[in-house]
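# Architecture and fold: a report
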Amino acid sequence: MFDIGDVLEIDTEPLLIPDWADSTGLPIEELAARLGPLWAGGAIGTSTEAEILAGISELLGISAAVTDELMAGMWAGYLGRANTELIDYCRALRPRYRTGILSNSFVGAREREQAAYGFAELVDDIVYSHEVGMSKPDPAIYRLSCARLDVEPHETIFVDDRADNIEAATELGMIAILHRDNEQTIARIDDALR
């Protein structure tokens, strides 16, 4: 089970706040305060993409065209670039092992990541936080991902770049690997599969 941001995708920058501050003329702290609740809703799917766009325009007092421009930059940063070595390794695990993606995400991520990287063909199942209404490190999202893959937590290897997510996975009994680089992650997975 793999995370996406800074694992399967690298060089990601989900929200380029300094760029948004330059474009809107608002201080970074104010931008974060205004957008925080809206962003939280996008991360667990309580807001649609259209609602997010309208909310940004309203909360920041900017036009739809400027909002679209800022969001285009956000999505470019969000997607980063493919970690091709780890993606190829993940692909090679199938069909011998069931594989999945478990990712904290944002409304619109599935469509954009599918178009850019074809993740639906890479793994057996994908759990996006914005589609299931919860996010890591909530233990329920790990259990959901395991259930959808028809595995128990103790039968699962989980790879993520965030220590809090790794800690939550470990507490559930997963073999959890904190991703620092491809060589270390691949070696740890190979050791766990022996």
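This text goes with the structure placed above it.
Since we're looking at a predicted model, the values are computed, not measured.

## Some details on the overall build of the chain
Helix and strand counts for the chain stand at 11 helices and six strands. Computed over C-alpha atoms, the radius of gyration of the chain comes to 18 Å, within 12% of the 16 Å expected from 2.2 N^0.38 for 194 residues, which places it in the range of a compact globule. Based on the C-alpha atoms only, the size of the chain along its principal axes is roughly 55 × 30 × 25 Å. Looking at the chain as a whole, 47% of its 194 residues qualify as buried. Within the chain, counting contacts between residues at least 6 apart in sequence, those at least 24 apart form 64% of the total. As displayed, the chain has an accessible area near 9400 Å², and 52% of this comes from carbon and sulfur atoms. The positive charge centre, built from 15 side chains, and the negative charge centre, built from 35, are 7 Å apart in the chain.

## Looking at helix α2 (residues 28–44)
The terminal C-alpha atoms of α2 lie 23 Å apart, and with 17 residues this matches the ideal 24 Å at 1.5 Å per residue to within 8%. Largest kink in α2: about 45°, centred on G36, with the proline P37 one to four residues after it. Those residues of α2 that sit buried are L31, L35, L38, W39, G41 and G42. At the exit of α2 stands G45, carrying a positive phi of roughly 75°.

## Let's talk about the pairing of strand β5 (residues 157–160)
By the alternation rule, side chains of β5 split into I157 and V159 and F158 and D160, which are all buried. Inspection of the sheet shows β5 paired to strand β6 (residues 175–178) by four bridges, in the parallel sense. In the strand pairing of β6, F158 is matched with A176. Regarding topology, helix α10 (residues 163–171) serves as the crossover connection from β5 to the parallel β6, and that connection is right-handed.

## Concerning unusual backbone geometry
The residue after R94, namely P95, is reached through a cis peptide bond having omega 5°. Take P95: it is sitting in the loop between α5 (84–93) and β3 (100–103). The linkage connecting K136 with the following residue, P137, adopts the cis geometry, with an omega of 15°. Structurally, the position occupied by P137 is in the loop between α8 (129–132) and α9 (139–149). Positive phi is not limited to glycine here, since D11 has a value of about 60°. When you line up the elements, D11 lands in the loop between β1 (9–10) and α1 (17–24). Located in the positive-phi region is D150, a residue other than glycine, with phi close to 60°. Looking at the element boundaries, D150 is found in the loop between α9 and β5. For D150, a relative accessible area of 62% corresponds to the exposed category.

## Section: the packing of aromatic side chains
Scanning all chains against the criterion turns up six aromatic pairs. Among the aromatic residues, ring-to-ring pairing joins W20, W39, W75, Y78 and F106 into one connected group.

## A closer look at the packing of α5 against helix α11 (residues 182–193)
Where α5 meets α11, the axes come as close as 10 Å, and the angle between the chain directions of the two elements is 15°. Relative to α11, α5 is oriented roughly parallel. Remark: the crossing between α5 and α11 carries right-handed chirality. Along the contact surface, α5 presents E85, L86, Y89 and L93, while α11 presents N182, T185, I186, I189, D190 and L193. Taken together, the residues of the contact of α5 with α11 break down into six nonpolar, two polar and two charged.

Definitions and cut-offs
Residues numbered from 1 in each chain as written. Predicted model: local features only at pLDDT ≥ 70, side-chain atom pairs only at ≥ 80, totals over all residues. Heavy atoms only, no water. Helix = DSSP H or I, 4+ residues; strand = E, 2+ residues; numbered from the N terminus. Rg over C-alpha atoms; globule rule 2.2 N^0.38 Å. Buried < 20%, exposed > 50% of the residue type's maximum accessible area, 1.4 Å probe, protein only. Contact = heavy atoms within 4.5 Å. Areas by Shrake-Rupley, 256 points an atom, 1.4 Å probe, with all protein chains shown as cover. Lys, Arg positive; Asp, Glu negative; His and termini not counted. Charge placed at Lys NZ, Arg CZ, Asp CG, Glu CD. Expected span 1.5 Å × (residues − 1). Bend = angle between axes of the 7 residues up to and from the residue. Pairing = 2+ DSSP bridges. Right-handed = clockwise from strand over helix to strand, strands pointing away. Phe/Tyr/Trp six-rings, centres within 6.5 Å; stacked < 30°, edge-to-face > 60°. Axes fitted to C-alpha atoms, helices over the stretch in contact; angles between N-to-C directions. Parallel < 35°, antiparallel > 145°, perpendicular 65-115°, else oblique. Left-handed = near helix turned anticlockwise from the far one by under 90°. Nonpolar A, V, L, I, M, F, W, Y, C, P; charged D, E, K, R; others polar.

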